[in-house]
Amino acid sequence: MTTLLRVDASIRQDGSVTRGVADTLETEIGPATTLRRDLGTAPLPSDTWPQAVAAAFSPEPDAAQLRARALATEVADELVSADAVVVATPLYNFGVPAAVKAWIDVVITDPRFAPGVPSPVAGRPAFLVVARGGGYGEGTPREGWDHATAYLKRILVDVWGLDLQVIEAELTLAPSTPGMESLIDLARENLDAAHATARDAGRALDTVGAA
Ligand SMILES: Cc1cc2nc3c(=O)[nH]c(=O)nc-3n(C[C@H](O)[C@H](O)[C@H](O)COP(=O)(O)O)c2cc1C
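Residues numbered from 1 in each chain as written. Predicted model: local features only at pLDDT ≥ 70, side-chain atom pairs only at ≥ 80, totals over all residues. Heavy atoms only, no water.

Caption draft 1: Highlighting the sheet that holds strand S2 (residues 33-38). With parallel pairing, the 5 strands of this open sheet are ordered in space as S2-S1-S3-S4-S5. Two strands bound the open sheet, and with one partner strand each, they are S2 and strand S5 (163-169). With direction set aside, neighbouring strand axes in the sheet form an average angle of 15 degrees. Here 5 bridges tie strand S1 (residues 3-8) to strand S3 (residues 84-90), and the two strands are oriented parallel to one another. The residue of S3 that forms the bridge with Asp8 is Ala88. Each of S1, S2, S3, strand S4 (125-131) and S5 is contacted by helix H1 (residues 17-29), which is oriented at about 175 degrees to S1, the strand it contacts most. (Pairing = 2+ DSSP bridges. Helix = DSSP H or I, 4+ residues; strand = E, 2+ residues; numbered from the N terminus. Axes fitted to C-alpha atoms, helices over the stretch in contact; angles between N-to-C directions. Contact = heavy atoms within 4.5 Å.)

Structure below.
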């Protein structure tokens with residue numbers, strides 16, 4: 001293993017479940033050059049995507065369009081140069097964080113990721129770490145309300161061809177939310193399981209990288 005791209009999206013540092021589980025994964029993966037794209041603390045400028053799209057259709061892109069295209073090249077370069085990818089994201093408002101959607105959209109403006117072009121990252125290992133404050137399991141009132149995970153799988157697996165493992169922690173709001181007290185033990189089990197899965201996944205990847 002040589003280069004890991006780590007994409008974070010939580011808007012918090014302290015107590016972030018996704019950052020914590022991704023840290024566990026990164027530690028177990030072992031020695032690697034880690035490229036960090038922290039969309040939680042430094043989202044891509046909101047006009048990057050429209051300006052990069054406009055650049056593609058403009059015979060003489062203006063300065064803003066050229067800047068956007070350069071940033072798109074930079075984020076696509078990060079992805080292309082990664083031997084493995086970690087995307088760590090919370091569920092926000094029943095969907096994917098806007099900063100993650102923007103990152104994906106911007107990557108796809110790069111000609112290497114254009115529709116119909118064979119993915120330059122196909123077959124590479126990737127991990128999606130997702131945290132949800134509530135519970136979305138089968139039979140729960142909110143079953144089907146997580147509109148982030150399926151979308152992210154669609155992009156990471158079906159569009160980019162990554163070899164994806166999903167690591168999920170649910171009920172993360174239980175310890176801090178009145179009315180969720182009865183779910184605290186389950187939340188703790190869930191979190192422990194997510195870290196255990198991350199440890200196993202990181203070790204397995206390290207083994208592959210060392211082979
Ligand atoms: C603005 C905001 C919106 C959220 N929306 C949802 C939501 O729709 N569903 C849910 O289950 N949890 C929601 N949460 C809770 C987060 O998914 C949960 O706290 C998660 O652990 C955050 O990731 P982090 O621990 O890495 O910061 C929301 C949290 C915030 C701050």
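Read on, since the account is not over.
Caption draft 2: Local environment of the site of the ligand. Around the ligand, the structure places 18 residues, and the nearest of them are Ser10, Ser16, Thr18, Tyr136 and Thr172. For the ligand, an oxygen atom lies 2.5 Å from a polar atom in the side chain of Thr18. Across the complex, the protein chains shield 79% of the 630 Å² of accessible surface that the ligand would expose by itself. Each residue belonging to the shell around the ligand can be placed in one class, and the counts come to 8 nonpolar, 8 polar and 2 charged. (Near = heavy atom within 4 Å. Polar contact = N/O pair within 3.5 Å; in protein donor to acceptor, adjacent residues only side chain to side chain. Areas by Shrake-Rupley, 256 points an atom, 1.4 Å probe, with all protein chains shown as cover. Nonpolar A, V, L, I, M, F, W, Y, C, P; charged D, E, K, R; others polar.)

Caption draft 3: Here's a closer look at the pattern of salt bridges. All chains considered together, the criterion is met by 17 salt bridges. Across the salt bridge formed by Arg154 and Asp158, the nearest N and O atoms sit 2.9 Å from each other. One end of the pair is Arg154 and the other is Asp158, both in helix H5 (residues 149-159) and 4 residues apart, which spans about a single turn. According to the relative accessible area criterion, Arg154 is exposed, its value standing at 52%. Three or more residues are tied together by salt bridges with common partners; here these are Arg6, Asp8, Asp23, Glu26 and Arg36. (Salt bridge = Lys/Arg side-chain N within 4 Å of Asp/Glu carboxyl O. Buried < 20%, exposed > 50% of the residue type's maximum accessible area, 1.4 Å probe, protein only.)

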